[in-house]
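The primary structure of each chain is shown beneath.
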Amino acid sequence: MFDGAHGEEHIDDGMVLLQANLDDMNPEWTTYVAELLFAAGANDVYWIPIVMKRGRPGVMLNVLAGRESVDAMERIVFRETTTLGIRRIAASVHRLGRRIVAADTPWGPVAVKVGYAGGEPVQYAPEYRDCAAIAEREGVPLKAVYDEVRRAYREGAGRA
């Protein structure tokens, strides 16, 4: 079964990429800021290391959001970072159809996100949180859990 929001392959034309360059912000704040942006509805948040004027190290904050969320995202960025300006760049995002399936593993079922193009599965990835919980609980390396989940998915192609 496809999840409702991303069940079919589509293009989102109503997206905006917000960017701000920061060279005077405590790097410890980045996780906090990203969590606030995601909680407010950001589709994606990421930081890129950059070199700024006079060779100063800095980061570029990138926030992908729907047009309806831009004002809320900007309020967070202005309130929680040291930037004095934010670039707004219109963006389109081509999204694969998505489906969450369960792969049967020795530790029980584990969620796998599968991406579909033209109705065919073209990408798949074990859900990090499920794998991390198993690794911690079972004392197994995370990479071993990922390997087993991928093997289980390939052999059984998962189940809805």
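Conventions used here
- Residues numbered from 1 in each chain as written.
- Predicted model: local features only at pLDDT ≥ 70, side-chain atom pairs only at ≥ 80, totals over all residues.
- Heavy atoms only, no water.
- Salt bridge = Lys/Arg side-chain N within 4 Å of Asp/Glu carboxyl O.
- Helix = DSSP H or I, 4+ residues; strand = E, 2+ residues; numbered from the N terminus.
- Buried < 20%, exposed > 50% of the residue type's maximum accessible area, 1.4 Å probe, protein only.
- Core = buried A, V, L, I, M, F, W, Y, C linked by side-chain atoms within 4.5 Å.
- Contact = heavy atoms within 4.5 Å.
- pLDDT = per-residue confidence, 0-100.

Caption draft 1: Focus on the pattern of salt bridges. Per the counting criterion, the structure on display carries eight salt bridges. Between Asp-23 and Arg-56 there is a salt bridge; the shortest N-O distance is 2.6 Å. With Asp-23 in the loop between β1 (10–22) and α1 (29–39) and Arg-56 in the loop between β2 (44–51) and β3 (57–66), this residue pair connects regions lying 33 residues apart in the sequence. The class of Asp-23 is partly exposed, set by a relative accessible area of 27%. Between Glu-148 and Arg-151 there is a salt bridge whose closest N-O contact spans 2.3 Å. Residue Glu-148 and its partner Arg-151 are both found in helix α4 (residues 142–156); the two are separated by three residues, about one turn of the helix. Residue class for Glu-148 comes out buried when judged on its relative accessible area of 16%.

Caption draft 2: Focus on the nonpolar core. Among the nonpolar cores identified, the biggest contains 18 residues, and Leu-18, Leu-37, Val-45, Leu-61, Val-63 and Met-73 are the most heavily contacted of them. Where this core is concerned, the elements lending two or more residues are β1, α1, β3 and α2 (70–80). Other than its neighbours up to four places away in sequence, Val-63 contacts Val-16, Leu-17, Leu-18, Leu-37, Ala-42, Asp-44, Val-45 and Met-73. If you look at the next biggest cluster of nonpolar residues, it comprises 14 residues, including Ala-103, Val-110, Val-114 and Tyr-116.

Caption draft 3: Representation of the confidence of the model for the protein within the structure. On average, the protein scores 91 in pLDDT, and the residues at 70 or more come to 93%. Mean pLDDT per element in the protein: β1 is the minimum at 91, and α2 is the maximum at 98. Segment residues 1–5 is flagged for pLDDT under 50; beyond a separation of four residues in sequence, or across chains, it makes nine contacts in the model.

Caption draft 4: Inspection of the environment of Leu-18 at higher detail. Considering the arrangement of structural elements, one finds Leu-18 in strand β1. The class of Leu-18 is buried, set by a relative accessible area of 2%. For the pair Leu-18 and Arg-87, spaced 69 residues apart in sequence, the C-alpha separation works out to 5.5 Å.

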